[in-house]
Amino acid sequence: MKHLGLCLTLSLASIGLASAADAISFARDIAPVLKSRCATCHLTGEEAGGMALYPAAAYASIVAVPSLESRLMRIKPGAPDESYLLLKVEGRHLDAGGSGQRMPFGEAPLDEAILQRLRNWIAAGALDN
Amino acid sequence: MENGRKQRLTRRELLLGAGRLAGASAAAGLGTTSAQAKPTAVSTPWDYKTDVVCVGSGAAACSAAVAAVDRGAKVIMVEKMPLTGGTTGKSGGVAWIPNHRFFRAQGIVDGKDDCLRYLARYSYPQLYTPDSPTLGLPARSYRLLEAFYDNGWRMLDRMHELGAVRFKEFNMWVANRPATDYADHLPENKVPRGRAIEPDVGGGASIGGASLVNAMESWLHQRDVPILTGHRVTRIVKEGRRVVGIEARNGDKLVRIRARRGVVFGTGGYSHNTELVNLHQPGLMGACAKTGSTGDFITLATEAGARMGSLDTAWRAQVVLDEALENRAVGRAADVLPGDSMIFVNKYGRRVVNEKRNYNDRTRVHFIYDPVREEYPNQLLFMVFDHRSLDAFGGNFPIPADVRESRFMIKGATIDELAANIAKRLAAVAAKTGGVTLAGDFLPELKATIERFNGYALAGRDPEFDRGLHAYDNDWHLLFSALRPGSTQPPNRLPRICMHPFAGEGPYYAFILGAGALDTNSGPLINEKAEVLGHDDQPIPGLYGAGNCIASPARGAYWGAGATIGLALTYGYIAGSNAATAPAAT
């Protein structure tokens, strides 16, 4: 009975986690952040960093694309801690062998809710949804 | 309906950003212009018809659009990049406006005669004559300065009345004081502090510019002004002498927009057009400007018969050489340089400028020519500092808060080792710098220079370059040399806070600096009505320009923080107002 209860609890928790992650949409939740906080400087890909982060181009520019500053991918689907872009906005990029300042450049860091949203999206497979 | 299309276009229909932007091809050179594009037949129908077309979406173009709408005109905006905002969008959004509403409210007199003397003296030091009716300037140049003074504060008042954008006094963020002008010490400057203003909502070092353009764009959206992104203007369409519209490319699609009253260009400078840079600039290795700043209006206006003004001016700032060589579209210029135990030296190990002077004027020292050695001795400068400045001021660009951040900072355990490492870095980039090398006596000269500087710092007087003598040096040092959180360095209690002796022991550090810019500010000639002038020196009917895409009224001077945006907003306002009330083309 105790074992069944534990399984049930774990199952419910998994469903909850899956629901939270599934609910994240790249178009609705991630692209607007990239547009408003990143694309001013990383617009066409010709700038330092080599990323085009306006909505129509952002996904292809970051998912499964090698970082120019480290050995990591910019976004590695399913692996937030191996996604250089996430590390860069969390300020953990230097420990991963990266360089440059924490992003957004010269601004206050992204708030925790946004960082968690980004992390959850990556963990759920970084879908183009 | 006109030409079978709806006159009133929905936002979804108009934000046609899906096409590949033209900036990618333009950045490689002059890009596609009407010289290459096939001229369309006169009978080719217009896709849209409006009163005023505003090209660009930064401060100049948005201000023009607001002014035109305010005068009752229908407006369409056209932007070649996939997002709006221009270089304004990545700036601090500060604007320099003499005699603004906040001065007047406080009873501070920023009178026209005195202000014009400051502008004229600073922009044209070689011509300035105080008792001349035009202060020694050519009449056209004087009228441009006059129009800026007369219309800047009016523009600001009207923007407030319309609710398009509201400003507040710029108090230098954490420094919390009215901003000191860039030539505060000139006797002609009777109001050396406080002319700079910033957006009332969303002000900030890196976000104010986005707030500024977003506010105006929001106001325009509420009035159903279409903004076509991903549309690159390729031709100015004329009927006889008169400009009647534009052609633009959206991917492979040609879009023709008729402008019954006028076309206003606010399309930025040409910092990222290396051909134009090499032809006209004394040195510009990198720039903060958006990559769309490729000087499109110079080509378009030339083909429309415009006369060029100065082509060699820019809002200048230094850049970290290695960063600019990697990508000339730098994230940030080395503008207000941090550190007090910090100096620049040239290849001869000698200081050449007050390191705390404003970035525009300081950068011009790179262009000094030595007619004996037949070289530019300051082509590259070496920003040298010690571990004290690294600890105290890390996090103030380019000094990193964490040394791992910076791939380009040069280090040496001793001055000797630092000099050797600078030489190695120069050798590595020689092919891109014309082979600049350190002089044979660089090391002993550098050591002597540091020793002299140490004495100046202790005495509180720099007899070579007056560092710290004037308010600008110390006021802006306070803002951009903020103590690093966690630093254990004591505050500088010496007579001049921007000077401190170097530590007697290493490590020591350096960056190589080159000449760069925020953006160029040269191009076609305009008059005081923002009308673009033709070869006959008469206005080309229907064609207007503002901001960095035309020959700046400021010429080579940078009057104060926000002079760039102040001029863009003011002349955009003048252009939009005049375009909207011009007689309609038949």
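Located above this text is the structure these notes cover.
Residues numbered from 1 in each chain as written. Chains lettered and ligands numbered in written order. Predicted model: local features only at pLDDT ≥ 70, side-chain atom pairs only at ≥ 80, totals over all residues. Heavy atoms only, no water.

### Section: the overall build of chain B
Part 1 of the argument: Within chain B, the regular secondary structure consists of 17 helices and 16 strands.
Part 2 of the argument: For 586 residues, the compact-globule estimate of 2.2 N^0.38 gives 25 Å, and chain B sits close to it at 24 Å.
Part 3 of the argument: Contacts in chain B between residues far apart in sequence, at least 24 positions, make up 77% of those at least 6 positions apart.
Part 4 of the argument: Here chain B displays about 21,300 Å² of accessible surface, and carbon together with sulfur accounts for 51% of that area.
Part 5 of the argument: Averaging the locations of the 68 positively and 59 negatively charged side chains of chain B gives two centres separated by 6 Å. (Helix = DSSP H or I, 4+ residues; strand = E, 2+ residues; numbered from the N terminus. Rg over C-alpha atoms; globule rule 2.2 N^0.38 Å. Contact = heavy atoms within 4.5 Å. Areas by Shrake-Rupley, 256 points an atom, 1.4 Å probe, with all protein chains shown as cover. Lys, Arg positive; Asp, Glu negative; His and termini not counted. Charge placed at Lys NZ, Arg CZ, Asp CG, Glu CD.)

### Re the pattern of salt bridges
Pairs can form between side chains of opposite charge once their charged atoms are near each other.
Part 1 of the argument: For the structure on display, the rule yields 46 salt bridges over all chains.
Part 2 of the argument: Ionic pairing is found between A:Asp95 and B:Arg404, a salt bridge with its closest N-O pair at 2.9 Å. You can see A:Asp95 sitting in the loop between α4 (84-90) and α5 (112-123) and its partner B:Arg404 sitting in the loop between α12 (387-393) and β13 (410-412), one on each of two chains.
Part 3 of the argument: Taking relative accessible area as the criterion, A:Asp95 reaches 65% and is therefore assigned exposed.
Part 4 of the argument: Between B:Asp150 and B:Lys112 there is a salt bridge, and its shortest N-O distance comes to 3.1 Å. Of this pair, B:Asp150 sits in helix α6 (residues 139-162) while B:Lys112 sits in helix α5 (residues 112-123), placing them 38 residues apart in sequence. (Salt bridge = Lys/Arg side-chain N within 4 Å of Asp/Glu carboxyl O. Buried < 20%, exposed > 50% of the residue type's maximum accessible area, 1.4 Å probe, protein only.)

### Concerning the pairing of strand β9 (residues 253-265) of chain B
Residue and element names in this part refer to chain B.
Part 1 of the argument: Two elements, strand β1 (residues 48-55) and β9, share seven bridges in a ladder whose sense is parallel. Residue pairing for β9: Val52 is matched across the bridge by Gly262.
Part 2 of the argument: Sheet topology note: the strand β8 (residues 242-250)/β9 ladder contains six bridges and is antiparallel. From the neighbouring strand, Ala248 faces β9, where its bridge partner is Val255.
Part 3 of the argument: Counting the residues that bridge the hairpin from β8 to β9 gives two residues, and of these Gly251 lies at a positive phi of roughly 65 degrees.
Part 4 of the argument: In this structure, β9 lies alongside strand β16 (residues 539-545), joined through three bridges in parallel fashion. By the bridge assignment for β16, Val263 is matched with Leu543. (Pairing = 2+ DSSP bridges.)

### What to know about the packing of aromatic side chains
Residue and element names in this part refer to chain B.
Part 1 of the argument: Across all of its chains, the model carries 25 aromatic pairs over all chains by this definition.
Part 2 of the argument: A network of ring pairs unites the aromatic residues Phe170, Trp173, Tyr182, Trp315, Tyr359, Tyr472, Trp476, Phe480 and Tyr558 as a single cluster.
Part 3 of the argument: Here the basic side chain of Arg373 rests over the ring of Tyr348, its NZ or CZ set 3.9 Å away from the ring centre. (Phe/Tyr/Trp six-rings, centres within 6.5 Å; stacked < 30°, edge-to-face > 60°. Lys NZ or Arg CZ within 6 Å of the ring centre and 35° of its normal.)

### Observations concerning the sheet that holds strand β5 (residues 196-199) of chain B
Part 1 of the argument: The antiparallel open sheet is built from three strands, whose spatial order is β3-β5-β4 (chain B). Edge positions in the sheet fall to β3 (95-96) and β4 (167-169) of chain B, since each of these pairs with one other strand and no more.

### Examining the nonpolar core
Nonpolar side chains in soluble globular proteins generally cluster together in the buried interior.
Part 1 of the argument: If you look at the biggest cluster of nonpolar residues, it comprises 117 residues, and the most contacted ones within it are B:Val75, B:Met77, B:Phe265, B:Trp476, B:Trp559 and B:Tyr571.
Part 2 of the argument: Ranked by size, the runner-up nonpolar core spans 30 residues in total, among them A:Val33, A:Ala39, A:Leu53 and A:Ala58. (Core = buried A, V, L, I, M, F, W, Y, C linked by side-chain atoms within 4.5 Å.)

### Here's the deal with the pairing of strand β7 (residues 232-239) of chain B
Residue and element names in this part refer to chain B.
Part 1 of the argument: In terms of burial, β7 is largely enclosed, as six of its eight residues are buried.
Part 2 of the argument: Sheet analysis places β7 next to β8, joined by seven bridges and oriented antiparallel. Each bridged residue has a counterpart across the sheet, and for Val233 the counterpart in β8 is Ala248.
Part 3 of the argument: From the end of β7 to the start of β8, which pair antiparallel, there are two residues, and Gly240 there has a positive phi angle of about 65 degrees.

### Structural notes on helix α2 (residues 26-37) of chain A
All names here are of chain A.
Part 1 of the argument: What α2 keeps buried is the set Phe26, Asp29, Ile30, Ala31, Val33 and Leu34. Down the axis of α2, the buried side of the element spans an arc of 165 degrees, and every buried residue falls inside it. Exposed side chains of α2 directed beyond 90 degrees from the buried face belong to Ala27 and Arg28.
Part 2 of the argument: Contacts from the buried residues of α2 go to α3 (55-62) and α5.
Part 3 of the argument: For α2, the capping residue at the N-terminal end is Ser25, with a side-chain oxygen 3.3 Å from the backbone nitrogen of Ala27. (Arc of directions from axis to C-beta. Polar contact = N/O pair within 3.5 Å; in protein donor to acceptor, adjacent residues only side chain to side chain.)

### Considering the packing of α6(B) against helix α17 (residues 563-581) of chain B
Residues and elements named next belong to chain B.
Part 1 of the argument: For the pair α6 and α17, interaxial distance at closest approach is 8 Å and the crossing angle is 85 degrees. Put simply, α6 runs roughly perpendicular to α17. Two secondary-structure elements touch here, α6 through Arg143, Leu144, Ala147, Phe148, Asn151, Gly152, Arg154, Met155 and Arg158 and α17 through Gly566, Leu567, Leu569, Thr570, Tyr571, Tyr573 and Ile574.
Part 2 of the argument: Among the residues forming the contact of α6 with α17, the class breakdown is nine nonpolar, four polar and three charged. (Axes fitted to C-alpha atoms, helices over the stretch in contact; angles between N-to-C directions. Parallel < 35°, antiparallel > 145°, perpendicular 65-115°, else oblique. Nonpolar A, V, L, I, M, F, W, Y, C, P; charged D, E, K, R; others polar.)

### So, unusual backbone geometry
Residues and elements named next belong to chain B.
Part 1 of the argument: That bond from Phe397 to Pro398 is cis: its omega, 5 degrees, falls within 30 degrees of zero.
Part 2 of the argument: Along the chain, Pro398 falls in the loop between α12 and β13.
Part 3 of the argument: The linkage connecting Gly506 with the following residue, Pro507, adopts the cis geometry, with an omega of 10 degrees.
Part 4 of the argument: For Asn99, which is not glycine, the phi dihedral falls at a positive 55 degrees.
Part 5 of the argument: The residue Asn99 is located in the loop between β3 and α4 (101-106) in this model.
Part 6 of the argument: Judged by relative accessible area, Asn99 falls into the buried class, the value being 12%.
Part 7 of the argument: Backbone geometry at Asp466 places phi at a positive 60 degrees, although glycine is not the residue there.
Part 8 of the argument: Structurally, the position occupied by Asp466 is in the loop between α15 (442-459) and α16 (471-480).

### Notes on the environment of B:Lys190
Part 1 of the argument: The residue B:Lys190 is located in the loop between β4 and β5 in this model.
Part 2 of the argument: Within the structure, B:Lys190 has its side chain in polar contact with the backbone oxygen of B:Pro187 (distance 3.1 Å).

Scope: geometric values only; no functional claims are made or implied.
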